[in-house]
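Here is how the chains run, residue by residue.
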Amino acid sequence: MDRPRAGIRVLTEDMHPDQLRLDEAAATERIAAAFPALAGQPVVALSTPGTMNALFRIGDAHVARFPLQSAALEDVAAEARALDEFATCSPFPAPVVRGVIDRDEGYPSAWSVQAWIPGRTASETVADEDPGALPLLADDLARLIGALRLAPLRGRTFDGRGRGGELHAHEEWMTQCFAKSGHLLDVPSARALWQRLSQIPHPGTEVMSHKDLIPPNLLVSDDDRLAGVLDGGSFGAADPSLDLVVAWHLLGLDDRRRLRAALGSDDQEWCRGAAWALQQAMGLGWYYERTNPVMAALGLRTMRRLLADPDLG
């Protein structure tokens, strides 16, 4: 969930235990050593709402991603393969990886460089409570989700990590979220909605999924069309409803209905999508309240949309 603005993020505290830090000078040195062809190009630290990587733009065509928590080479390489596969399946531009570098004494995590995709993130362009009418963006999102659903599974199934399997597997997490969110939102209503939506059974089938279709990962053009998709490193098999989270993260009621109609989602699929959006949004508000205000605001805004949605009644 990474997208840039020039400048260095300043936080009052780290988002994660044992969070790694890297300044511009150190990043420039490491990039030049690992990618001689990029030596001499300007390297600029980027302030983003991303929660997993520190980003450094390299010239006009590349960006380096340094994990904020130590990651093994095989994990970053697996993410790179997923990113490249996603780029071949997406009908919209998506980054491809230029190289993966192993950890060493200078930075205790593997890291990567990938192509830069120009554009403004949806979180920059649609940050208001009411996003307004975005019918063409809803159409583009339907096209994206439909294309991903047609990507070959090649025998893959949900890997058990994060969202995308059984909703009831997240009960312990949701209990913690409800306990920590009383000062932020209407917890009794949120709990009641979760209890109802989380009972909807898994459809028994899976499709290929981006797995994190949130506004910071979507690039939008000046005419409110989808211009690119970022952070496809988790691309994999999941519940077909998982990518529907974008409906509540980004769209107003009329455009949510437009997206649903374009995809032909029945009541169960649509409400499971709402359940996944609720599961994600409930954690963003309290977890990032002090460390990442953009992500916290996203979660709370999504929760308000879910709780007010007449189609989930």
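Residues numbered from 1 in each chain as written. Predicted model: local features only at pLDDT ≥ 70, side-chain atom pairs only at ≥ 80, totals over all residues. Heavy atoms only, no water.

J.: Before we move on, can you summarise the overall build of the chain with the specific residues and values?
T.: Helix and strand counts for the chain come out as ten helices and ten strands. For the chain, the C-alpha radius of gyration of 19 Å lies close to 20 Å, the compact-globule estimate for 313 residues. When the backbone C-alpha atoms are referred to their principal axes, the chain occupies close to 55 × 40 × 40 Å. Looking at the 313 residues of the chain, the share that counts as buried comes to 55%. Considering only contacts in the chain between residues 6 or more positions apart, those separated by 24 or more positions represent 75%. Only carbon and sulfur atoms are counted for the fraction: they give 52% of the accessible area of the chain, which is about 13,400 Å². In the chain, which carries 31 positive and 43 negative side-chain charges, the distance between the mean positions of the two groups comes to 2 Å. (Helix = DSSP H or I, 4+ residues; strand = E, 2+ residues; numbered from the N terminus. Rg over C-alpha atoms; globule rule 2.2 N^0.38 Å. Buried < 20%, exposed > 50% of the residue type's maximum accessible area, 1.4 Å probe, protein only. Contact = heavy atoms within 4.5 Å. Areas by Shrake-Rupley, 256 points an atom, 1.4 Å probe, with all protein chains shown as cover. Lys, Arg positive; Asp, Glu negative; His and termini not counted. Charge placed at Lys NZ, Arg CZ, Asp CG, Glu CD.)

J.: Could you give an account of the pattern of salt bridges, with specific residues and numbers?
T.: Evaluation of the coordinates by the stated rule reveals 15 salt bridges. Across the pair Arg225 and Asp140 runs a salt bridge, and its minimum N-O distance is 2.8 Å. Of this pair, Arg225 sits in the loop between strand 8 (218-220) and strand 9 (226-229) while Asp140 sits in helix 4 (residues 135-149), placing them 85 residues apart in sequence. On the basis of relative accessible area, Arg225 is assigned to the partly exposed category, the value being 30%. Among the salt bridges present, the one from Arg260 reaches Asp267, with a minimum N-O distance of 2.5 Å. Because the salt bridges share partners, they merge into one network encompassing Arg65, Glu79 and Asp231. (Salt bridge = Lys/Arg side-chain N within 4 Å of Asp/Glu carboxyl O.)

J.: Tell me about the packing of helix 5 (residues 171-180) against helix 9 (residues 267-287), and please be specific about residues and values.
T.: Axis separation between helix 5 and helix 9 bottoms out at 9 Å; the angle between their running directions is 45 degrees. Classified by the angle between their axes, helix 5 and helix 9 sit oblique to one another. With respect to the hand of their crossing, helix 5 and helix 9 are arranged in left-handed fashion. Between helix 5 and helix 9, the contacting residues are Trp173, Met174, Gln176, Cys177, Phe178 and Lys180 on the first element and Leu278, Gln279, Met282, Gly283 and Trp286 on the second. Of the residues that constitute the contact of helix 5 with helix 9, the class distribution is seven nonpolar, three polar and one charged. (Axes fitted to C-alpha atoms, helices over the stretch in contact; angles between N-to-C directions. Parallel < 35°, antiparallel > 145°, perpendicular 65-115°, else oblique. Left-handed = near helix turned anticlockwise from the far one by under 90°. Nonpolar A, V, L, I, M, F, W, Y, C, P; charged D, E, K, R; others polar.)

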